[in-house]
Amino acid sequence: MTHRRLVVPALLLLVLGLSACAGGPPLSLGGGYESCSSEIDEPVTFGDVARASAAGTVVMESIELEGAEGLALREVYLVPIQNQVSLGADAFPPAAEFWDRRVAVPGTAISPGEEVTVLFVVEAVGGGDTHGSEGYTARYSIDGRPYETTSSARFRLAPDCGAEDEEGP
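Residues numbered from 1 in each chain as written. Predicted model: local features only at pLDDT ≥ 70, side-chain atom pairs only at ≥ 80, totals over all residues. Heavy atoms only, no water.

1. Describing the sheet that holds strand β8 (residues 109-110)
Counted only if it meets this: The pairing criterion is simple: DSSP has to find at least two bridges between the two strands. Only DSSP runs of H or I reaching four residues or more are called helices, and only runs of E reaching two or more are called strands; each is numbered from the N terminus.
Taken in spatial order, the four strands make up an open sheet running β8-β4-β11-β12, and their pairing is antiparallel. At either end of the open sheet lies a strand with only one pairing partner, and these are β8 and β12 (145-151). Pairing of strand β4 (residues 58-66) with strand β11 (residues 135-142) involves seven bridges; the strand directions are antiparallel. Of the residues in β11, the one forming a bridge with Ile-63 is Ala-138.

2. A word on the pattern of salt bridges
As a reminder of what qualifies: The term salt bridge refers to a side-chain nitrogen of Lys or Arg lying within 4 Å of a carboxyl oxygen of Asp or Glu. Note on exposure labels: buried denotes an accessible area under 20% of the residue type's maximum, exposed denotes more than 50%, and partly exposed covers the range between, all computed with a 1.4 Å probe on protein chains only.
This model, assessed by the stated rule, comprises seven salt bridges. A salt bridge links Glu-34 to Arg-156; its shortest N-O distance comes to 2.8 Å. With Glu-34 in strand β2 (residues 34-37) and Arg-156 in strand β13 (residues 154-157), this pair connects stretches of sequence that are 122 residues apart. Note on Glu-34: relative accessible area 36%, which makes it partly exposed. In this structure, Glu-134 and Arg-154 form a salt bridge, with 3.4 Å as the shortest nitrogen-oxygen distance. Here the residue Glu-134 occupies a position in the loop between β10 (131-132) and β11, and Arg-154 occupies one in strand β13, the gap between them amounting to 20 residues. Residue Arg-154 is classed as partly exposed on the basis of its relative accessible area, which comes to 23%. Through salt bridges with shared partners, a single network forms among Glu-34, Glu-134, Arg-154 and Arg-156.

3. Description of the state of the cysteines
Heads up, the rule is: Two cysteine sulfur atoms form a disulfide, by the criterion used here, when they sit within 2.5 Å.
Counting across every chain of the model gives one disulfide. Put simply, Cys-36 and Cys-161 are joined by a disulfide, and their sulfur atoms are 2.1 Å apart. Its S-S torsion of approximately -75° makes the covalent link between Cys-36 and Cys-161 left-handed. Taken together, the residues span a long stretch of sequence, with Cys-36 in strand β2 and Cys-161 in the segment after β13 at a distance of 125 residues. On the basis of relative accessibility, which here comes to 22%, the residue Cys-36 falls in the partly exposed class. With a relative accessible area of 28%, Cys-161 lands in the partly exposed category.

4. Focus on the packing of aromatic side chains
Definition in use: Only Phe, Tyr and Trp rings take part, Trp by its six-membered ring, and two of them pair if their centres are within 6.5 Å. Stacked means planes under 30 degrees apart, edge-to-face means over 60, and tilted covers everything else. When the NZ atom of lysine or the CZ atom of arginine is within 6 Å of a ring's centre and also within 35 degrees of its normal, the charge is said to sit over that ring.
Taken as a whole and assessed by the stated rule, the structure comprises seven aromatic pairs. Residues Phe-46 and Phe-155 carry aromatic rings whose centres are separated by 4.8 Å and whose planes lie at 15° to one another, so their mutual orientation is stacked. Of the two residues, Phe-46 is situated in strand β3 (residues 44-52) and Phe-155 in strand β13; the sequence distance between them amounts to 109 residues. On the basis of relative accessible area, Phe-46 is assigned to the buried category, the value being 0%. For Phe-155, a relative accessible area of 1% corresponds to the buried category. One aromatic cluster is present, built from ring pairs that chain together Phe-46, Phe-120, Tyr-136 and Phe-155. When the ring centre of Tyr-77 is taken as reference, the NZ or CZ atom of Arg-102 above it lies at 5.3 Å. Above the face of the Trp-99 ring, Arg-102 is positioned so that its terminal group lies 3.8 Å from the ring centre.

5. Some details on the environment of Ala-50
In plain terms, the rule: We call two residues contacting when some pair of their heavy atoms lies within 4.5 Å.
The topology assignment puts Ala-50 in strand β3. Looking at Ala-50, the relative accessible area reads 2%, which means it is buried. Between the C-alpha atoms of Ala-50 and Leu-27, which are 23 residues apart in sequence, the distance is 6.6 Å. With residues up to four places along the chain from it excluded, the contact list for Ala-50 reads Leu-27, Ser-28, Leu-29, Glu-114, Glu-115, Val-116 and Val-118.

Right, here's the structure in full:
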């Protein structure tokens, strides 16, 4: 009988632990896609959607590009989504409906269940025809506890976005 009493709580802890892992990060970021713009002589904006889970209010700290080659992150903002409209790739600055609602990343709170557009302003730097990133990382906290989530969303600037890039991003 004692053996069963230990097994049930152990199984319950295992199930709860696995379901917590399966729930994903407290901040979900878009990923698994590439966005490209052929405007390589001017700054360009890219947008991606971030969604806070029900784990608590997310307080943003920073957002940085990962694996950037020839691509500089000039500015990054959060834009509250209105009427389910987000932003993809666009010229800089984007339409006033996005630009006028932008807020700085550090210290911005995202309520549980809220979605925002992460608005990147990037620019090609250095030589070459292709400039890109391998993703981006968001650093944030919930109730003072630090978190980090990385997206595999790739941003690329190239004269011909339809061409395959054999040398990298």
